[in-house]
Amino acid sequence: MSLVDDAARVRVNAYAPFSNFKVGAAIRSVEGRLHLGVNVENVAYPEGTCAEAGAIAAMIAAGDSRIAEVAVIADSPDPVPPCGGCRQKLAEFADGDVAVTLATTGGATLKTTVADLLPGAFVAGHMANS
Ligand code: THU
């Protein structure tokens, strides 16, 4: 089963009653384990969280350290690019060359990388004096 299949399998559990736009995310960690996330919306709209953020939180809670590969899937005409905040979150836990597969439930895929999604990411090294 591919990482896209894993993301598709979890996507159905998304809680998206306000947008009706369910998103699933799957991360394979460098430790080799699978971590899944979905978007979880909230009636106070800005409090919602994206699928990518959920998968990252699951990875950290499980005790794994870094992302080796990511897949994100939604029921969309075209593969949906992660939002700006999720690009920054991915950059925190993945090297720039880590593959990100964006997929649709219709079978389209777009393969990119963390660095292509966020060139010049703000990283901890920028705070060398802190
Ligand atoms: N969403 C994600 O979970 N990931 C993305 O990459 C794009 C957008 C969610 C946030 C919100 O619950 C819904 O999709 C509509 O923006």
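Residues numbered from 1 in each chain as written. Predicted model: local features only at pLDDT ≥ 70, side-chain atom pairs only at ≥ 80, totals over all residues. Heavy atoms only, no water.

**Describing the nonpolar core**
One recurring pattern in soluble globular proteins is that nonpolar side chains are buried together.
Item 1. Membership of the largest hydrophobic core comes to 20 residues, with the highest contact counts inside it found for I27, I67, V70, V72, V98, V100 and V114.
Item 2. Within the residue set of this core, elements represented by two or more residues are β1 (23-29), α2 (51-61), β3 (67-74), α3 (84-93), β4 (94-104) and α4 (114-117).
Item 3. Membership of the second largest hydrophobic core comes to 7 residues, among which are L3, V4, A26 and I73. (Core = buried A, V, L, I, M, F, W, Y, C linked by side-chain atoms within 4.5 Å. Buried < 20%, exposed > 50% of the residue type's maximum accessible area, 1.4 Å probe, protein only. Helix = DSSP H or I, 4+ residues; strand = E, 2+ residues; numbered from the N terminus.)

**Overview of α2**
Because each turn of an α-helix spans 3.6 residues, side chains separated by three or four positions end up pointing in the same direction.
Item 1. For α2, the full list of buried residues reads A51, E52, A53, A55, I56 and M59.
Item 2. Next to the buried residues of α2 lie β1, β2 (34-38), β3 and α3.
Item 3. Count one or two residues on from α2 and you reach G63, which has phi positive near 95°. (Contact = heavy atoms within 4.5 Å.)

**Thoughts on the site of the ligand**
Item 1. Around the ligand sit S19, F21, V23, N39, E41, C50, A51, E52, V80, P81 and P82, and that is every residue in its neighbourhood.
Item 2. Note that an oxygen atom of the ligand is positioned 2.9 Å from one of the side-chain N or O atoms of N39.
Item 3. E41 places a polar side-chain atom, nitrogen or oxygen, 2.6 Å from an oxygen atom of the ligand.
Item 4. For the ligand, the accessible surface in isolation is 370 Å², of which the surrounding protein chains cover 77%.
Item 5. When its residues are assigned to classes, the shell around the ligand shows 7 nonpolar, 2 polar and 2 charged. (Near = heavy atom within 4 Å. Polar contact = N/O pair within 3.5 Å; in protein donor to acceptor, adjacent residues only side chain to side chain. Areas by Shrake-Rupley, 256 points an atom, 1.4 Å probe, with all protein chains shown as cover. Nonpolar A, V, L, I, M, F, W, Y, C, P; charged D, E, K, R; others polar.)

**Notes on the pairing of β2**
Item 1. Pairing between β1 and β2: 5 bridges, direction antiparallel. Opposite G24, over in β2, you have V38 as the bridge partner.
Item 2. In sequence, β1 turns back onto β2 through a hairpin of 4 residues, with G32 there showing a positive phi of about 90°. (Pairing = 2+ DSSP bridges.)

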